[in-house]
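One-letter residues, chain by chain:
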Amino acid sequence: MNFTMRLRLASCVFTSFAALIVGCSDNSSGVDTSSAGASSTSVAGVATSTGAATTPAAPLGDPEVGLTALGEFHQPVLLTYRPTDGLRYVVEQAGKIVIMTTEGQGGATALDMTDLTNGEGERGLLGLAITADGTLGYVNYTNNDGNTRIDEYAISPNGNFDRASRREVLGFDQPYPNHNGGDVIFGPDNMLYIGTGDGGSGGDPDRRALNLREWLGKILRIDPHASADAPYTVPPDNPFVAVDGARPEIWSIGLRNPWRFSFDRSTGDLWIADVGQGQWEEVDAAWAADGGGRGLNFGWSAFEGDHRFNADQSPDGVTQPIHEYEHVGQDCSISGSALYRGAAIPALVGWYVFADYCSGQIRALQIADRAVVKQVPLGTAASVTAISEGPDGELYVLSGGGQIYAITPA
C-alpha cells in the first residue's frame, strides 16, 4: 500500500493510510433531527485509583528521549499486549495480528483475517483488546462491505487466535468510507470501550456526533459477554440507559474520529486524541474521579477544538479539550497516545505523549492540576500512525511506513 498522503480536502477524497486519521475541510451542513448534546455528569462509572493524579512526583527537568528502531511490519496501526504474560501483538491494517518477538521483530502470525476485511484508506483491521485473563481477544474492523464489526476470538496459551471461535459481538453500518474510529480497549472496570468516528464525509453533514440515537461519533461501553437476548450486555450504569430514544451503549458523545484513546494505568483517567477537521487537533481528558467520561459531551460538531464550528449544533454542556493545536507548518492530524508510566525515563513519567501524522512531530505534555503545564518536543518519525503502550508502561511509535520504534532514554 502506498503511504504517500494525497488529500483533497474540499471533497474529502483520500488515497493513502493518512485517510485513517487525517481530517478534511468541508463545511457542508445538515439538519439535526433528534437529540442535541448531553450535559456532563459527575456520577462515577469507572473504577479509580487514588494517588498522585498526573502530576510528576518531582521536578526532574524536561525529558530527553531517543527512538530505537525495532522490527518492520506491514501497515502497523497498533501495538498491544496480553495482560497475563506481556506477549506483544502488532495489528496490521490489512488484516493480520502478528506476535512481536522479545527482540522487537515480527514473529508468528496470531490471526489472519485478510479475507474478512480490506485494508485500504480508512478501512481494515483497526483495533484489538484482550481480556485480563488473556483468553479472549476483541477486534475492531471494517468488513468487506465497509461496515464496522466487533468480533470475539478465543486465544490459545501460545498466543494464537482460534479462527473457528469467531463470534460477532456488535456491528453497525458506516455511511461513508472515512471516520471509522477503530480503537477498542478494556477500561479499569473491565468493560469494553469502543471508539466510533462520526460516519465520515466532512463537517459531520448528517449531524451524528451529538445525536443520542446514533452510535457514530461516540465512545461506546459494553460488557462483551452475551446477555439472554443479545450478543453483549449493556452495563446498567451507562449514562443514557434511561434516556428515551438514546442508544444505551453510549458512554461519551461529540467526537469526530477518536482514532486512539487510552486509560491512564495509574489513575484511570480517560485520554482521547480526537482528529480535527481542517484547522484544529485536540486532546480530551476525562478524569476518573468525575466518572471517566461518563455522559460527557466533547463538543464535535458544535466545536472543532474549542472553536465554534457548526452553528446549528448546541454549544451547551461541552467539555472543552485540555489541549489543542493548529494546522501550521506540516501538522494536520493527531495520532494518539498515552501517558508515560514506564521506568526507563523518569523525567517523562506522567507526561502525555502524542504525535502528528503529517509532520511526524512527537510531543509530550506535562499535566498538573488538570491542566497542561508545558509542551516539549521529543523527536520525529515518518507518518506516525499511533503511539502505543507496552506491558511495562514503555511507549512505542508506529510508522505508517512499517517501522516500529521504542521510546528510550537519550
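Up top is the structure.
Residues numbered from 1 in each chain as written. Predicted model: local features only at pLDDT ≥ 70, side-chain atom pairs only at ≥ 80, totals over all residues. Heavy atoms only, no water.

> If you had to explain the state of the cysteines to someone new, which residues and values would you point to?
All chains considered together, the criterion is met by 1 disulfide. Across the disulfide from Cys 332 sits Cys 358; the S-S distance is 1.8 Å. Between Cys 332 and Cys 358 the disulfide shows an S-S torsion of about 55°. By sign, it is right-handed. Of this pair, Cys 332 sits in the loop between β21 (323-326) and β22 (334-339) while Cys 358 sits in the loop between β23 (351-356) and β24 (361-368), and the two are 26 residues apart along the sequence. The buried category is assigned to Cys 332, whose relative accessible area is 10%. (Disulfide = S-S within 2.5 Å. Helix = DSSP H or I, 4+ residues; strand = E, 2+ residues; numbered from the N terminus. Buried < 20%, exposed > 50% of the residue type's maximum accessible area, 1.4 Å probe, protein only.)

> Let's hear about the sheet that holds strand β16 (residues 260-263): which residues, and what values?
Read from one edge to the other, the open sheet built from 4 strands follows the order β16-β17-β18-β21, with strand pairing classed as antiparallel. Either end of the sheet is taken by a strand with one partner, and the two such strands are β16 and β21. Between one strand axis and the next, the sheet turns through 10° on average, direction left out of account. The pairing of β16 with strand β17 (residues 270-274) spans 4 bridges and is classified as antiparallel. Residue pairing in the sheet places Phe 263 in a bridge with Leu 270 of β17. (Pairing = 2+ DSSP bridges. Axes fitted to C-alpha atoms, helices over the stretch in contact; angles between N-to-C directions.)

> Before we move on, could you go through the sheet that holds strand β9 (residues 136-142) and cite the residues and values that matter?
Ordered in space as β8-β9-β10-β11, the 4 strands form an open sheet in which the pairing is antiparallel. Across the chains shown, the open sheet's two edge strands, defined by having one partner strand only, are β8 (125-130) and β11 (161-172). Across the sheet, the axes of successive neighbouring strands diverge by a mean angle of 25°, strand direction being ignored. Pairing analysis gives 5 bridges linking β8 to β9, with the strands arranged antiparallel. Each residue of the ladder has a partner; that of Leu 125, found in β9, is Tyr 141.

> I'd like a description of the nonpolar core, backed by residues and values.
Core analysis: the biggest nonpolar cluster contains 34 residues, and Tyr 89, Ile 97, Leu 128, Val 139, Phe 161 and Trp 271 have the highest contact counts within it. Looking at which element gives the most residues to this core, the answer is β8, with 4 residues. Ile 194, Ile 222, Ala 246 and Phe 303 belong to the second-largest nonpolar core, a separate cluster that totals 24 residues. (Core = buried A, V, L, I, M, F, W, Y, C linked by side-chain atoms within 4.5 Å.)

> Mind laying out the pattern of salt bridges, listing which residues take part and the relevant values?
A full pass over the atoms with the stated rule returns 16 salt bridges. Put simply, Asp 189 and Arg 221 hold a salt bridge, and the shortest N to O gap is 2.9 Å. Of this pair, Asp 189 sits in the loop between β12 (184-186) and β13 (192-195) while Arg 221 sits in strand β14 (residues 219-222), and the two are 32 residues apart along the sequence. Taken individually, Asp 189 and Arg 221 each receive the classification buried, so the pair is uniform in this respect. As a salt-bridge pair, Asp 264 and Arg 341 come within 2.7 Å of each other at their nearest N and O atoms. Taken together, the positions of Asp 264 in the loop between β16 and β17 and Arg 341 in the loop between β22 and β23 put the pair 77 residues apart, joining distant regions of the chain. Residue classification places Asp 264 among the buried residues on the basis of a relative accessible area of 4%. Assessed through its relative accessible area of 17%, Arg 341 is described here as buried. When salt bridges with common partners are traced through the structure, they connect Asp 189, Arg 221 and Asp 237 into a single cluster. (Salt bridge = Lys/Arg side-chain N within 4 Å of Asp/Glu carboxyl O.)

> Describe in detail the packing of aromatic side chains, supporting the description with residues and values.
What the rule picks out here adds up to 11 aromatic pairs. Measuring from centroid to centroid gives 5.7 Å for Tyr 193 and Trp 251, while their planes differ by 85°, and the two rings are edge-to-face. Here Tyr 193, found in strand β13, pairs with Trp 251, found in strand β15 (residues 250-252); they are 58 residues apart in sequence, far enough to count as distant. With relative accessibility at 0%, the residue Tyr 193 sits in the buried group. Centroid distance Trp 271 to Tyr 352: 4.9 Å. Interplanar angle 25°. Geometry classified as stacked. Residue Trp 271 is located in strand β17, and its partner Tyr 352 is located in strand β23; the two are separated by 81 residues in the primary sequence. Classification of Trp 271 by relative accessible area gives buried; the value is 0%. Taken together through their ring pairs, the aromatic side chains of Trp 271, Trp 287, Tyr 325, Tyr 352 and Phe 354 make up a single cluster. A cation sits over an aromatic face here: Arg 256 above Trp 300, 5.7 Å from the ring centre. Against the face of Trp 259 rests Arg 260, its NZ or CZ located 3.9 Å from the ring centre. (Phe/Tyr/Trp six-rings, centres within 6.5 Å; stacked < 30°, edge-to-face > 60°. Lys NZ or Arg CZ within 6 Å of the ring centre and 35° of its normal.)

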